[in-house]
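Residue-level structure breakdown
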Amino acid sequence: MKLVKINEDNCVYCHLCEVACKTEHSESKDIIKAVKKENVLSRCTAELNYPYSASIMCRHCDDAPCIFACQNGSMHKDERGYVVVNPNTCVGCWMCVMVCPYGVIKQGKNDMWGLSIKCDLCPDRSIPACVEACPNEALTFEEL
Amino acid sequence: MKYVIIGNSVAGINAATAIRQNDTQGEILIISDEQTRCYSRPLLPNWVIGEVSLSEERMFYRRSDFYEKNNFKILLGQKVDSIDTKNKTIMSSNSHTIEYDKLVIASGANAILPKNISGIDLDGVHTLTNIKGAKKLKENLDNIDSIVIVGAGLIGTKMAYDLSKIGKKVVLVELAKRVLFPALDDYGALLIEQELKKAGVEVILNDSVVQLNGDKKVKEVVLASNKKIQCDACLLSVGVAPNTSFVDSNILIDKGIVVDDTMKAYDDCYACGDVASIYDIVLNIKRPIPILPLAAKEGFIAGLNACGVETKFKGGFAMNSIEIGNTGFISMGIVESDNDCVLEFKKDSEYRKFIIRDNKLIGVILVNNVEKAGMFNWMIEKGFDVSWIKDAFLNSDFGWKYFDKAFRVLRLDRKLKG
């Protein structure tokens, strides 16, 4: 299965992956609105402990613990085989957060319910937005 | 091959799913004494106060076409009276005998009704572990101005907060010295207690209910301390006990149904979920751990073994995630210890606590900064040696950056399964 490979030696902590991710998952698809107005949460997170830095996101586990822990089937595998959240049913109980072995699910909001936010590997694109935006091949899209 | 699954909730559904993934032809029959498709039990308090309805998909565990799509037969409203594991038959409440080749018992657990409380049969006494109990409480809600909730566990605490939120006068009575006793330590529980009080809940600790008074309907609750509380209703949430009354003597019961590491209870008979007594890898004992994530996992593994795909279950441990007001926490394993290495960090509303024995993580509490909780869950489950990284645990920004490179790359490249 093709996944985003994290090549930490190439990362320069530029955060362009996060900007691209926020834009891709925004209503407007506009960089400025996505980042400054819509307050979209990035599905990938750039972290730094100099000289190390890397952008981390969901590894789309085969036996994904988050799917087992979900109380109402919101967390599921889509037709591509990637782990995604149904935003219309998620209630934000954070049981997926409790079991995610990579710590890559964020706590978002959706009207009156909490909403688990995680990488969906950009279903509308052939190459995920973060990979395309990375200037340095610190993120690449390949078989893992 | 005919598979029969007793129980139509999380464990049963996952068992059925695992079987269907490996046996497309076999007959799979799910029996339940309830009348609905599998629903989300953790949402029952929200349903009681009207935050979610049965017309919303989020209330259900699987979509409405799930049974048909997977070719599951389902028998609703049928209680299993007895099973005969020698002749491989089940007797249902309407005296039907059903034969099976493989049986999966996923009958769950029901609310404990404490026998030492007198007056428990009065009207207005509620429990809340299934939709039947929740419906009774919901329908009675307009007649309730004040309610006494007995037991400050997960259900009691959440329901106390939710009922207070919609304007009911709530008194929460707990036998232990703190709320959420096994899930939180003193300090963590205090943070939740403050949220409850802020919402208007009266919390009474170190006390228990001995008597319920009223003519037909409960009107007064008497505590062991002799304190009397007037009320219109009472919710009993002192814990759950496995539903094992129907099993025969071939099946060993020790708190729950005793299973081996393939979830097998007897020849061609498996048990999983809240009814099963499983290996607790933190406490090193066998016991039922009635939580949803484990029910799902156990159910799936029981299903795999039932259809011949041998898979081992390594065991589980207690874990909880709740939000009360502005305080959210996740806890795992044990929450206090006098004999182990304990690391603690408190700042503003954040609280982090780690318990380490023989260089292995056996307990975690995270309050108000929980997003990395699963990384610690993984360490507990794998018995990971934390001696070289534990110093970083107390950092609020704990993450992959604190691991050494070789390990980090292996994990993130999915070369180490987890």
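First, a word on scope: everything that follows refers to the structure included in this document. Bear in mind the structure is a predicted one, so any value in this text is a computation, not a measurement.

What to know about the overall build of chain A
Within chain A, the secondary structure is distributed over five helices and eight strands. Sequence-ordered secondary structure for chain A, helices as α and strands as β, is β-α-α-β-β-α-β-β-α-β-β-α-β. Principal-axis analysis of the C-alpha atoms gives chain A an extent of 40 × 35 × 30 Å. Restricting the contact set of chain A to residue pairs at least 6 apart, pairs at least 24 apart contribute 54%.

Details of the sheet that holds strand 5 (residues 89–92) of chain B
In a beta sheet, neighbouring strands are held together by backbone hydrogen bonds and run either parallel or antiparallel to one another. All names here are of chain B. Here we have three strands laid out as an open sheet, ordered 4-5-6, and antiparallel in their pairing. With partners counted over all chains shown, the strands left at the sheet margins are strand 4 (80–84) and strand 6 (97–99), one partner each. Direction aside, the axes of adjacent strands within the sheet are offset by 25 degrees on average. Where strand 5 meets strand 6, three bridges bridge the pair, whose relative direction is antiparallel. Note that in strand 6 the partner of isoleucine 90 across the bridge is isoleucine 98.

Describing the pairing of strand 16 (residues 233–236) of chain B
Residues and elements named next belong to chain B. Both faces of strand 16 are covered, namely the face carrying Ala233 and Leu235 and the face carrying Cys234 and Leu236. When strand 9 (residues 125–126) meets strand 16, the two strands line up parallel, connected through two bridges. Opposite valine 125, over in strand 16, you have cysteine 234 as the bridge partner. Two strands pair when backbone bridges link them, and strand 10 (residues 146–150) and strand 16 are joined in this way by four bridges, in the parallel orientation. Note that in strand 16 the partner of isoleucine 149 across the bridge is leucine 235.

Quick notes on the interface of chain A and chain B
Counting residues at the interface gives 28 residues for chain A, matched by 32 residues for chain B. Elements supplying a minimum of two residues to the side of chain A that touches chain B: strand 1 (2–6), strand 2 (45–49), strand 3 (52–56), helix 3 (65–69), helix 4 (95–99) and strand 6 (106–110) of chain A. Top element by residues in the side of chain A that touches chain B is helix 4 of chain A. It accounts for four residues. Taken together, the residues that form the side of chain A that touches chain B break down as 17 nonpolar, seven polar and four charged.

Calculation notes
Residues numbered from 1 in each chain as written. Chains lettered and ligands numbered in written order. Predicted model: local features only at pLDDT ≥ 70, side-chain atom pairs only at ≥ 80, totals over all residues. Helix = DSSP H or I, 4+ residues; strand = E, 2+ residues; numbered from the N terminus. Contact = placed C-beta atoms within 7 Å. Pairing = 2+ DSSP bridges. Axes fitted to C-alpha atoms, helices over the stretch in contact; angles between N-to-C directions. Buried ≥ 20, exposed ≤ 12 C-beta atoms within 10 Å, placed from the backbone. Nonpolar A, V, L, I, M, F, W, Y, C, P; charged D, E, K, R; others polar.

Nothing here speaks to function; it is geometry throughout.
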